[in-house]
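Close look at the chain arrangement
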Amino acid sequence: MPPAQWGPLDANISMLFTELPMLSRPAAAAAAGFTAVEAWWPFGAAVPGDAEVTAFERAVRDAGVQLVALNGFAGDMPAGERGILSWPGRQQEFLDNLDVLLGLGGRLDCRRFNLLYGNRADSAPGGAAAQDELAVQNLTVAARAARRAGAAVLVEPLSALPQYPLRTSSDVLGVLNRLPADCADAARLLADLYHLAVNGEDIPAMLDRVHGRIGHVQVADVPGRHEPGTGTADLDGWVAALRRLGYQGPIGLEYAPLESTAAGLGRLGLGDGSVPWPAPSPADQG
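Note that the coordinates shown come from a computational prediction; the quantities given were computed from them, not determined experimentally.

Each helix and strand in the chain was counted, giving nine helices and eight strands. Taking 2.2 N^0.38 as the reference for a compact globule, 286 residues should give roughly 19 Å; the C-alpha atoms of the chain span a radius of gyration of 18 Å, in line with that estimate. Projecting the C-alpha coordinates of the chain onto the three principal axes gives extents of approximately 55 × 45 × 35 Å. Buried positions account for 54% of the 286 residues belonging to the chain. Contacts spanning at least 24 positions in sequence make up 76% of the contacts within the chain whose residues lie at least 6 apart. Total accessible area on the chain stands at roughly 11,400 Å², and carbon and sulfur atoms take up 52% of it. Looking at charge distribution, the chain has the averaged site of its 21 positive side-chain charges lying 6 Å from that of its 32 negative ones.

If you want it as structure tokens, here you go:
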């Protein structure tokens, strides 16, 4: 079945519509027929300037789309960093970012916040055990704050990065299970089915086992991480299983278009392949 029949969808504007600057992408998603979007941290610093935050907030509001998920600051991603939740020496940076993240999310009625765990730091005092303890401390603070806001924090397994320690659903649940009871319900698994499949997870068995712990779902085809239909993953079957098991949230389209965003959406029946995207905004053009 085409993704249009999967139930609620959202567009990850950090991977889709990259033909445009970030501040023009919410409107481009709306023009392509999406009512919801998600994003990686859209700023270069953990604590961006007020003008940057206001510009992003305005772009989402003006587009008329719902921001359904937002990543926290993940460090220097082009250099290979993947989060600071467990990074020794950066706890204050994490906490400062958390304040900005939850504040922006609150103003945009976003209720899902993805906190990437962070790579192993081989030279850190105390080794992996100290990093894991720091992650639990930080995640506890984040989950308690999210719970007060009626939101949830997410933890995600990743592929292709040996230094990133969370690769399976069991790895993530091993972290979540260490949280205190007063906030455990506000920390969930982000089930990125692409990463899990690449890492060898049996997706149907995983969904049967942990569906009650899932807070958000993202998809891309396997291999290649392109749009559904370009690989061999049983995305239709996996999404159907999720819906049958009771997952009612959005399915995030987090893939790298094989060609252009418009062409990929047209192939999926989500656009006509010639979306009249808006021109870059004045803020995008500086």
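Tracing the backbone through its elements, the reader meets E254 in the loop between β8 (251-253) and α9 (261-267). Overall, the relative accessible area of 3% leaves E254 in the buried class. Side-chain polar atoms of E254 contact the side chain of N12, separated by 3.3 Å. In this view, E254 contacts N12, M15, W40, E156, D192, Q218, V219, A220 and R225; residues no more than four positions away in its chain are not counted.

Summed over all chains, the structure comprises three aromatic pairs. Taken together, a centroid distance of 6.4 Å and an interplanar angle of 90° make the contact between F17 and F34 edge-to-face. With F17 in the loop between β1 (9-12) and α1 (25-31) and F34 in the loop between α1 and β2 (36-39), this pair connects stretches of sequence that are 17 residues apart. The two residues F17 and F34 agree in class, both being buried.

What counts and how
- Residues numbered from 1 in each chain as written.
- Predicted model: local features only at pLDDT ≥ 70, side-chain atom pairs only at ≥ 80, totals over all residues.
- Heavy atoms only, no water.
- Helix = DSSP H or I, 4+ residues; strand = E, 2+ residues; numbered from the N terminus.
- Rg over C-alpha atoms; globule rule 2.2 N^0.38 Å.
- Buried < 20%, exposed > 50% of the residue type's maximum accessible area, 1.4 Å probe, protein only.
- Contact = heavy atoms within 4.5 Å.
- Areas by Shrake-Rupley, 256 points an atom, 1.4 Å probe, with all protein chains shown as cover.
- Lys, Arg positive; Asp, Glu negative; His and termini not counted.
- Charge placed at Lys NZ, Arg CZ, Asp CG, Glu CD.
- Polar contact = N/O pair within 3.5 Å; in protein donor to acceptor, adjacent residues only side chain to side chain.
- Phe/Tyr/Trp six-rings, centres within 6.5 Å; stacked < 30°, edge-to-face > 60°.

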